[in-house]
Amino acid sequence: MQDNSVAVSVIAWHNRDVEAMRPSSLSSRQAIVLLSVVVLIWGTTWSVNKASLQYLSPIWAAAIRCIIGTLVLLVLSVGRGRFKLPHRGDLPVVCSLGLLHMSAYSMLCNIGMQHVGAGRSVVLAYTTPMWVAPGARLFLGEAFTVRRAIGAGLGLLGLLLIFNPLAFDWNNQPALLGNGLILLGAMFWAASILYMRGHRWIGETFDLLFWQALLASCVLSACAWFVEGPPQVDWNPALTMQVLYSGAFGIAIAYWAMNKVNHALPAMTTSLGLLGVPVFGIVCSSVTLGEPIETTLLIAMAMIVVGIAIGALPSRQEQKKNFSSSEKLS
């Protein structure tokens, strides 16, 4: 599983009234520090995942990371006294995130990253909110405002810059396939976000994470065995550290930390802060993997991130509504 920041921030925004009623054990400063740590973890995860593909086939790499994350989530859930079966009404959202995001998105991105650099991959993956905006208008009846249209337009221009028809090698079939698979994965992720927006939550989001990861672990393992056969792994210290980091920190610890952050910070602060993930991801891929930082990629990333930020900012009417809700809860 790659980073899950957009999904986490959407869940936080969707449940902002519920979270406002729960006291936080963190101060705002502590929460910001913890959010920064999550950005660093998820930013480095892309480079670590790319490096692990030297030793693991792509689907097994995703499956092993997910299994490790599932085990750590189990320990965290039991340790916090939060291990419980999901409510029947929450089973659809368990399947949505477990199948569309943790399984399909992770599998497609891993296959795509065999032919695409980690820096470019994280930028393509962060086009997800661009697909959410029109999807929310089409399936959820949400208004597609001028502000959201501008944000989506900027993001699409950034995407067009990445795939500059004059510069992109359309005869390079592996590169074309890799980029296409990552974009398809982003659309699967967007589909899970759309479902989460419309879902009527019963249980708490953290309590569902173990079951979502468990479902994804089973699905990814079955797909890996069917497509790639039994795992052929040449274990070495580097690979061991890579999969432990991606599974334990990139999945379990980061989700635990985000659960704490969501209780302490406004959802909009969290959403905008997490836009630092693709920025740090590009820097990390350049430092650790030696990938060149292309000017066009930086410009495209800036356009996509700014477009997402513009689209994420609430309108005045939404701000008034949220302020009124906060007053009622206080």
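Below: a short report on this structure. What you see is a predicted model, and the numbers here were worked out from it, not measured in a lab. (Residues numbered from 1 in each chain as written. Predicted model: local features only at pLDDT ≥ 70, side-chain atom pairs only at ≥ 80, totals over all residues. Heavy atoms only, no water.)

A word on a nonpolar patch on the surface
Here comes step 1: Together, Leu138, Phe139 and Leu140 give the surface a local cluster of nonpolar side chains, amounting to about 350 Å² of exposed area.
Here comes step 2: Checked against the element boundaries, leucine 140 lands in the loop between α7 (128–139) and α8 (146–162).
Here comes step 3: Residue classification places leucine 140 among the partly exposed positions, given a relative accessible area of 35%. (Patch = residues over 30% accessible without salt bridge, like charges linked within 9 Å, V, L, I, M, F, W, Y side chains within 5 Å. Areas by Shrake-Rupley, 256 points an atom, 1.4 Å probe, with all protein chains shown as cover. Salt bridge = Lys/Arg side-chain N within 4 Å of Asp/Glu carboxyl O. Helix = DSSP H or I, 4+ residues; strand = E, 2+ residues; numbered from the N terminus. Buried < 20%, exposed > 50% of the residue type's maximum accessible area, 1.4 Å probe, protein only.)

A closer look at the packing of aromatic side chains
Here comes step 1: Tallying each qualifying case throughout the model produces seven aromatic pairs.
Here comes step 2: Relative to tyrosine 255, the ring of tryptophan 42 lies with its centre 6.4 Å away and its plane at 80 degrees, an arrangement referred to as edge-to-face. Taken together, the residues tryptophan 42 in helix α3 (residues 28–52) and tyrosine 255 in helix α11 (residues 237–264) connect sequence positions 213 residues apart. Exposure class is identical for tryptophan 42 and tyrosine 255. Each is buried.
Here comes step 3: Here a set of aromatic residues connected by ring pairs shows up, and it is made of Phe83, Phe210 and Trp211.
Here comes step 4: Between arginine 80 and the ring centre of phenylalanine 206, over which it is positioned, the NZ or CZ distance is 4.6 Å. (Phe/Tyr/Trp six-rings, centres within 6.5 Å; stacked < 30°, edge-to-face > 60°. Lys NZ or Arg CZ within 6 Å of the ring centre and 35° of its normal.)

A look at the environment of glycine 81
Here comes step 1: Along the chain, glycine 81 falls in the loop between α4 (58–79) and α5 (91–112).
Here comes step 2: Distance in space between the C-alpha atoms of glycine 81 and aspartate 207 is 10.0 Å, their sequence separation being 126 residues.

Some points on the packing of α4 against α11
Here comes step 1: Look at α4 against α11: their axes get within 8 Å of each other, and the N-to-C directions meet at 45 degrees. One way to sum up the angle between α4 and α11 is to call them oblique. Between α4 and α11 lies a crossing of right-handed hand. Along the contact surface, α4 presents Ile64, Arg65, Cys66, Ile68, Gly69, Val72, Leu73 and Leu76, while α11 presents Val243, Leu244, Ser246, Gly247, Ala248, Ile251, Ala252, Ile253 and Trp256.
Here comes step 2: Classifying every residue of the contact of α4 with α11 by side-chain character gives 13 nonpolar, three polar and one charged. (Axes fitted to C-alpha atoms, helices over the stretch in contact; angles between N-to-C directions. Parallel < 35°, antiparallel > 145°, perpendicular 65-115°, else oblique. Left-handed = near helix turned anticlockwise from the far one by under 90°. Contact = heavy atoms within 4.5 Å. Nonpolar A, V, L, I, M, F, W, Y, C, P; charged D, E, K, R; others polar.)

A few points about the pattern of salt bridges
Here comes step 1: The final tally for this structure, using the stated rule, is three salt bridges.
Here comes step 2: Across the salt bridge formed by arginine 82 and glutamate 204, the nearest N and O atoms sit 2.8 Å from each other. Of this pair, arginine 82 sits in the loop between α4 and α5 while glutamate 204 sits in the loop between α9 (173–198) and α10 (205–228), and the two are 122 residues apart along the sequence.
Here comes step 3: With a relative accessible area of 15%, arginine 82 lands in the buried category.
Here comes step 4: For arginine 82, the salt bridge goes to aspartate 207, with nearest N and O atoms at 2.8 Å. Separated by 125 residues along the polypeptide, arginine 82 in the loop between α4 and α5 and aspartate 207 in helix α10 bring together distant segments of the chain. Neither arginine 82 nor aspartate 207 differs from the other in exposure class; each is buried.
Here comes step 5: A single network of salt bridges, built from pairs that share partners, joins Arg82, Lys84, Glu204 and Asp207.

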